[in-house]
Amino acid sequence: MTDHSALLRPAAAEFLRVAAAAKPLTAPTPCTGYDVRGLLNHLLYWGPWLAAAGRRETYTASGTEADAALVGEHWLATLGKQTEDLVDAFAPAAAWEGLVTLGSATMPAAVVGDMVLGEFVIHGWDLARAAGTPLNCTDEAAEAVRASAVAMGEQARAMGVYGPEVPVPAEAPALSRALGASGRNPARRV
């Protein structure tokens, strides 16, 4: 697996830019079942799990994502701190090596690192669509997300994380191909 730590910081900065623009919180997103508030709640709920995995620490949430109400008055500052924490957790090359525990699952650390990058890019695109603004993503980051989405696509679809793959032409931009691999239609407007 590849260490994509150098791709995280720019992707995180763009993710936070579009998150700040995604208002109102009741606006729909392309992420099935989530409006902006729901998607932000999802991100705030799972971020500590991912960061703990990167640090080889144990994390236990109180309650489930459905029970969580994490989008309070200062949600953007909280999301900013959490995003920085995720980038810091996966900045060292060692964070991408070996196996880690995420919840009750043991998996390659690089898979979890790629999940973090995917959260920034794919959910960043969801929030960008809700905000009516483009997501600026490097081809290198988009290609890493696409490769990860292809590698875990079958399992992610079985778990309901991804929808059915959306066919995208091979000559389409890298971000469009990554979105299609994750079950998103890159042409979709909310």
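Anyway, here's the lowdown on the structure attached to this text. Treat the numbers as computed from the prediction; the structure is a model and nothing was measured. Numbering of residues begins from 1 in every chain and follows the order in which that chain's sequence is written. Owing to the predicted nature of the model, reporting of local features is limited to residues with pLDDT of at least 70; listing and counting of side-chain atom pairs is limited to 80 or more, with chain, interface and lining totals taken over all residues. The side-chain figures draw on all heavy atoms in the structure; neither hydrogens nor water molecules are used.

1. Details of the overall build of the protein
And step 1. For the purposes of this entry, the term helix denotes a DSSP run of H or I that reaches at least four residues, the term strand denotes a run of E that reaches at least two, and both are numbered from the N terminus. The helix and strand tally for the protein stands at 6 helices and 2 strands.
And step 2. Counting helices and strands in the order they occur from the N terminus, the protein gives α-α-α-β-β-α-α-α.
And step 3. Throughout, radius of gyration means the C-alpha value; the globule benchmark is 2.2 Å times the number of residues raised to the power 0.38. Here the C-alpha radius of gyration of the protein, 15 Å, is about what a compact globule of 190 residues would show, namely 16 Å.
And step 4. Contacts were defined at the residue level, with two residues in contact if any of their heavy atoms lie within 4.5 Å. The contacts in the protein between residues at least 6 apart in sequence include a share of 68% that link residues at least 24 apart.
And step 5. Only the protein chains shown count as cover for residues, and all accessible areas are computed by the Shrake-Rupley method using a 1.4 Å probe. Of the roughly 9,300 Å² of accessible surface on the protein, 56% is carried by carbon and sulfur atoms.
And step 6. Counted as positive: Lys and Arg. Counted as negative: Asp and Glu, with His and the chain ends omitted from the count. For this purpose, a charge sits on NZ of Lys, CZ of Arg, CG of Asp or CD of Glu. Positive and negative charge centroids in the protein, built from 14 and 20 side chains respectively, lie 6 Å apart.

2. Describing the side chain of glutamate 14
And step 1. Position of glutamate 14 among the secondary structure elements: in helix α1 (residues 5–21).
And step 2. Burial classes follow relative accessibility: with a 1.4 Å probe on protein chains only, a residue under 20% of its type's maximum area counts as buried, one over 50% as exposed, and anything between as partly exposed. For glutamate 14, a relative accessible area of 11% translates into the label buried.
And step 3. Those residues in contact with glutamate 14, other than ones at most four positions away along the chain, are Pro134, Leu135 and Asn136.

3. Some thoughts on unusual backbone geometry
And step 1. In this structure, the amide linkage connecting lysine 23 to the following residue, proline 24, adopts the cis form with an omega of 0 degrees.
And step 2. Looking at the element boundaries, proline 24 is found in the loop between α1 and α2 (36–55).

4. Describing helix α4 (residues 109–131)
And step 1. For α4, which comprises 23 residues, the first-to-last C-alpha distance of 32 Å matches the rise-based estimate of 33 Å (1.5 Å per residue) to within 8%.
And step 2. Two axes enter the definition of the bend at a residue: one is fitted to the seven residues ending there, the other to the seven starting there, and the bend is the angle between them. Glycine 118 marks the point of greatest bend in α4, at about 30 degrees.
And step 3. Taking burial as the measure, the 23 residues of α4 include 21 buried ones, the bulk of the element.
And step 4. Downstream of α4 by a residue or two, glycine 132 has a phi angle that is positive, lying close to 70 degrees. By definition here, a helix of n residues has an expected span of 1.5 Å times n minus one.

5. What to know about the pattern of salt bridges
And step 1. One side-chain nitrogen of Lys or Arg within 4 Å of one carboxyl oxygen of Asp or Glu is enough to make a salt bridge. The full count for this structure, using the stated rule, is 8 salt bridges.
And step 2. A salt bridge links arginine 17 to glutamate 14; its shortest N-O distance comes to 2.7 Å. With arginine 17 and glutamate 14 both in helix α1 and 3 residues apart, the pair spans about one turn of that helix.
And step 3. With relative accessibility at 34%, the residue arginine 17 sits in the partly exposed group.
And step 4. In this structure, the salt-bridge partner of arginine 184 is aspartate 126, at a minimum N-O distance of 2.8 Å. Taken as a pair, arginine 184 in the segment after α6 (174–181) and aspartate 126 in helix α4 lie far apart in primary sequence, 58 residues in all. Both residues of the pair, arginine 184 and aspartate 126, count as buried.

6. Focus: the nonpolar core
And step 1. Here the nonpolar core consists of buried residues drawn from Ala, Val, Leu, Ile, Met, Phe, Trp, Tyr and Cys, with membership extended through side-chain atoms lying within 4.5 Å. Within the largest apolar cluster, 56 residues are counted, with the highest numbers of intra-cluster contacts made by Phe120 and Leu127.
And step 2. Only α1, α2, α3 (75–89), β1 (99–102), α4, α5 (139–158) and α6 provide two or more residues apiece to this core.
And step 3. If sequence neighbours within four positions are ignored, leucine 127 has contacts with Phe15, Val18, Ala19, Ala22, Val36, Leu39, Leu40 and Leu43.

7. Remarks on the packing of aromatic side chains
And step 1. In this scheme Phe, Tyr and Trp rings, the latter by its six-membered ring, pair at centre separations within 6.5 Å, and the angle between planes marks the pair as stacked below 30 degrees, edge-to-face above 60, and tilted otherwise. By the definition in use, this model includes 6 aromatic pairs.
And step 2. Geometrically, the ring pair formed by phenylalanine 15 and phenylalanine 120 is tilted, given 5.4 Å between the ring centres and 40 degrees between the ring planes. Note that phenylalanine 15 is positioned in helix α1 and phenylalanine 120 in helix α4, a separation of 105 residues in sequence. Grouping residues by exposure puts phenylalanine 15 and phenylalanine 120 together as buried.
And step 3. Between tyrosine 45 and tryptophan 46, the aromatic rings sit 5.0 Å apart at their centres with planes inclined by 80 degrees, giving edge-to-face as the arrangement.
And step 4. The exposure class of tryptophan 46 is partly exposed, given its relative accessible area of 31%.
And step 5. Put simply, the rings of Tyr45, Trp46, Trp49 and Tyr59 pair up and form one aromatic cluster.

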